[in-house]
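# Report on the structure
Listed here are the chains, written in short residue letters.
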Amino acid sequence: MKYSGYAATYTLLTMVLAGAATNAAAGEVNLYTSNSEDAVALVLDAVAEQAPDIKINVIGGGSGSLLRRIEAEQSAPAADLFWSSGFSTLAGFSHLFTAYHSSEVDALLPALQADNAPWTGTNTHVTVIMVNSDVLDGDPPQTWEALMDERWAGQVTMADPANSSSSYAQLYGIYQLYGEEGVRNLADIVELQGSTSGVYKAVAQGEYPLGMTMEYAAQRYIHGGQSDISKIYPADGTFLSPEGMAFIQNGPNPEEAKQVYDLLLSHDVQEQLFDLTFRRPSRADLDDAIANSGLPLMKDLNIIEVDEAEAGEQRDYLLELWADARG
């Protein structure tokens, strides 16, 4: 892999383009993305190798700010592709997207094909309890119900559900399992971070012994050799937070964007992204790669099924309940 050169390019493009929209010329694709630099660099490498006539201009940032930017540019779209955010968040911006049926879609897990939505699943997050044993007093909780016991007040952190699609998925999961009482119990014991990444960084640095976060993030510390970090799949069930990418309506270069879209869903790129980031792929034919990584297969997890459309419809109600519970 040759990450360094493209990683540098990605950083430069992000710095140059973050402040102003750009119109992609023929043969170029404007990719708005919230993904990490190393993941984006890998994709740039793949495009350079497999579609060398396409140049990708990368505009990086948080998913919420990028989606609002695409909305602001709606009268003269500059973006071709958005990659990626949670399904429930994408639902709030669906008027910006055009459905595209990629030739790769049939190879995806059914729940990530998003047949009735103008986006396609790229990966899914699994929610875990991330543990830092160096600052933990006693045995860690093995269930969400145990985590919400008042003994853990001030020792658990999560991202603000109003600003993080994965954190909203966690809140909705707790609501599904334990109703309004569960939401209020959770509100009583957690301390919030301003961003998703703030959670796993705070736990890894020993600021909190426990965090509600995504499997891939905890796994990267474990894989990196940080022996005080572990992760728990709660026995009362875990929640998935599927993410998708979308084709922007009236984007400047749709044909080139379709090539990049297909490439992001291809077996080789999804496998490489999983090997690099531990983000579970949307494809159904990568169980060998997941098993080889040491992560459990989906069939071995107790997963709480979530109706993503309903989760999106209840977002305003649940965030109001959350704000009231937090006081």
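Named according to an unreviewed UniProt entry, the protein is Extracellular solute-binding protein originating from Halomonas alkaliantarctica.

Right, let's get into the nonpolar core. One finds Val 156, Leu 186, Leu 210, Met 212, Leu 318 and Trp 322 to be the most contacted residues of the largest nonpolar core, which totals 30 residues. At 9 residues, the largest contribution of residues to this core is made by helix α7 (residues 165-189). In this structure, Leu 81, Trp 83, Phe 247 and Tyr 261 belong to the second largest nonpolar core, which totals 27 residues.

Turning to the layout of surface pockets, a few remarks are in order. Taken as a whole, the largest pocket holds about 950 Å³ of empty space. Ser 34, Gly 62, Ser 63, Asn 163 and Thr 196 are the residues nearest the centre of the largest pocket, which is lined by 39 residues in total. Of all the secondary-structure elements, those providing two or more residues to the lining of the largest pocket are α3 (63-72), β3 (81-86), α4 (87-91), α7, α8 (196-204) and α9 (215-223). Of the residues in the lining of the largest pocket, the class split is 9 nonpolar, 24 polar and 6 charged. A volume near 310 Å³ is recorded for the second largest pocket. Put simply, the parts of the chain that give the lining of the second largest pocket at least two residues each are α5 (110-113) and β10 (240-248). Broken down by class, the residue content of the lining of the second largest pocket amounts to 9 nonpolar, 1 polar and 2 charged.

Counted under the stated rule, the structure contains 11 aromatic pairs. When the centroid spacing of 5.1 Å and the interplanar angle of 85 degrees are considered together, the rings of Tyr 100 and Tyr 261 count as edge-to-face. Residue Tyr 100 is located in the loop between β4 (97-98) and α5, and its partner Tyr 261 is located in helix α10 (residues 254-265); the two are separated by 161 residues in the primary sequence. Assigned by exposure class, Tyr 100 and Tyr 261 land together as buried. In this structure, Arg 151 is placed above the aromatic ring of Trp 152, and the distance from its NZ or CZ to the ring centre is 3.9 Å. The ring of Tyr 216 has Arg 279 lying over it, and the distance from NZ or CZ to the ring centre is 4.4 Å.

Attention shifts here to the pattern of salt bridges. Across all of its chains, the model carries 10 salt bridges by this definition. Linking Asp 38 and Arg 220 is a salt bridge whose minimum nitrogen-to-oxygen distance equals 2.6 Å. Taken together, the residues Asp 38 in helix α2 (residues 37-50) and Arg 220 in helix α9 connect sequence positions 182 residues apart. Put simply, Glu 73 and Arg 69 hold a salt bridge, and the shortest N to O gap is 3.1 Å.

Burial of strand β2 (residues 55-60) is extensive: 5 of the 6 residues sit out of reach of the surface. Across 6 bridges, strand β1 (residues 28-33) lies against β2 in parallel orientation. By the bridge assignment for β2, Leu 31 is matched with Val 58. Each parallel crossover has a hand, and the one from β1 via α2 to β2 is right-handed.

Parameters at a glance
- Residues numbered from 1 in each chain as written.
- Predicted model: local features only at pLDDT ≥ 70, side-chain atom pairs only at ≥ 80, totals over all residues.
- Heavy atoms only, no water.
- Core = buried A, V, L, I, M, F, W, Y, C linked by side-chain atoms within 4.5 Å.
- Buried < 20%, exposed > 50% of the residue type's maximum accessible area, 1.4 Å probe, protein only.
- Helix = DSSP H or I, 4+ residues; strand = E, 2+ residues; numbered from the N terminus.
- 1 Å grid on protein atoms, 1.4 Å probe; cavity = no way out; pocket = protein on both sides within 12 Å on 5 of 7 lines; lining within 4 Å.
- Points joined across faces, edges and corners; volume = space filled by probe spheres on them.
- Nonpolar A, V, L, I, M, F, W, Y, C, P; charged D, E, K, R; others polar.
- Phe/Tyr/Trp six-rings, centres within 6.5 Å; stacked < 30°, edge-to-face > 60°.
- Lys NZ or Arg CZ within 6 Å of the ring centre and 35° of its normal.
- Salt bridge = Lys/Arg side-chain N within 4 Å of Asp/Glu carboxyl O.
- Pairing = 2+ DSSP bridges.
- Right-handed = clockwise from strand over helix to strand, strands pointing away.

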